[in-house]
2 protein chains.
Amino acid sequence: MQDDLKFMRRAIDLARHNALEVKAGGPFGCVIVRDGEIIAEAANQVLADRDPTAHAEIVAIRAASKALNSHVLEGCTVYTTGEPCPMCYAACWWARVASIRFASNHDDALEFGGFDDRHITEALALPGDARPLPSTELCRADMLEVWRAYHAMPDRIHY
Amino acid sequence: MQDDLKFMRRAIDLARHNALEVKAGGPFGCVIVRDGEIIAEAANQVLADRDPTAHAEIVAIRAASKALNSHVLEGCTVYTTGEPCPMCYAACWWARVASIRFASNHDDALEFGGFDDRHITEALALPGDARPLPSTELCRADMLEVWRAYHAMPDRIHY
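The next subject is the overall build of chain A. Broken down by element type, chain A carries seven helices and five strands. The helix and strand sequence of chain A, counted from the amino end, reads α-β-β-α-α-β-α-β-α-α-β-α. Across its three principal axes, chain A shows a C-alpha extent of roughly 50 × 35 × 30 Å. Within chain A, the fraction of its 159 residues that count as buried is 56%. For chain A, the proportion of contacts with a sequence separation of at least 24, taken over those separated by at least 6, is 46%.

Both copies of the chain are related through a single rotation about an axis accompanied by a shift along the same axis. Least-squares fitting of chain A to chain B yields an RMSD of 0.0 Å, with the transformation described by 0.0 Å of translation along the axis and a rotation of 180 degrees. As the rotation angle and translation indicate, the two copies are arranged about a two-fold axis. When each C-alpha of chain A is compared by its distance to the rotation axis, Met87(A) comes out closest, at 1.9 Å. Both copies share a contact surface, since 100% of the interface residues of chain A are interface residues in chain B too.

Let us look at the environment of Ile38(A). Tracing the sequence through the fold places Ile38(A) in strand E2 (residues 37–43). Here the alpha-carbon distance between Ile38(A) and Gly75(A), two residues 37 residues apart in the chain, equals 12 Å.

Here we take up the environment of Asp35(B). Residue and element names in this part refer to chain B. Take Asp 35: it is sitting in the loop between strand E1 (29–34) and strand E2 (37–43). Owing to a relative accessible area of 72%, Asp 35 belongs among the exposed residues under this scheme. Distance from Asp 35 to Cys 76, taken between C-alpha atoms, is 7.7 Å for residues 41 residues apart in sequence.

Turning our attention to the packing of aromatic side chains. All names here are of chain A. Under the counting rule described, the total for this entry stands at twelve aromatic pairs over all chains. On the numbers, 5.1 Å between centres and 80 degrees between planes, the contact of Phe 28 with Phe 115 is edge-to-face. Here Phe 115 lies in the loop between helix H5 (106–113) and helix H6 (118–124) and Phe 28 lies in the loop between helix H1 (2–21) and strand E1 (29–34), a separation of 87 residues in the sequence. Like Phe 115, Phe 28 is buried. Seen from their ring centres, Trp 147 and Tyr 150 are 5.8 Å apart, and the 75 degrees between their planes marks the pair as edge-to-face.

Conventions used here
- Residues numbered from 1 in each chain as written.
- Chains lettered and ligands numbered in written order.
- Predicted model: local features only at pLDDT ≥ 70, side-chain atom pairs only at ≥ 80, totals over all residues.
- Heavy atoms only, no water.
- Helix = DSSP H or I, 4+ residues; strand = E, 2+ residues; numbered from the N terminus.
- Buried < 20%, exposed > 50% of the residue type's maximum accessible area, 1.4 Å probe, protein only.
- Contact = heavy atoms within 4.5 Å.
- Least-squares fit on C-alpha atoms with pLDDT ≥ 70 in both.
- Phe/Tyr/Trp six-rings, centres within 6.5 Å; stacked < 30°, edge-to-face > 60°.

Take a look at the structure:
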């Protein structure tokens, strides 16, 4: 618990520095910890890098993967200053982290920063073609040929 | 419609090449188009780059943002060979793309490749602390101080 506080306060320092001192974007910081040690940390880089995927969690996960030389971050805890959006939560899932701690929640991000990801979660609960940003099928038969060939590969890598 | 087919077939070619020829990972390709022109394309790089966030859509969005020098991809269509997972769908949302076309669906990816993202969508519908990968609150009061200071900044950037 003592360590939990220490790591979250480090993430909050990163958020404060990014938003109030460097003024690089929103107050979002993230620290990734394994076995009591920080293996990666980051702040939101969306504006600085002109990269819409550069949320603090994504940048930190990429750095942690580099540090561990693996796309799997088993046993890691993600400390993030904002409750993860669906992009970042799913990234944590794919990376197989053990748990996520967040400081402020979705409502705080909306109230104080105008950042709103509830619409994304609502959209994900709808069928693809009923979403405000629609996703619709095309060329499935062509793609099933590739899937069948992939499925039949004797040396297919499982991951 | 003719162009739609052309762009999706290009995405399928990228998937086929990645999975069956290079054997770099799953058959996932993505092409991003604006005004009838491809501005970025990519295949899944999770294993090649040891990066759990390197789904084809994320890699392509990052490349498109670089090409347009902007974190906003308004007017763009994303052609992807697999129905986007929550990470990739949310990334498309944050990038403000206009629409998403996909070739094969979630069930196909599970049947032929063992790739399963339905659990993530199900988890996102639950409260954070009830998810299989739990996300729980810590240090909210500390973070609210930062949010209040950010909110009060006269030169805060809106994005």
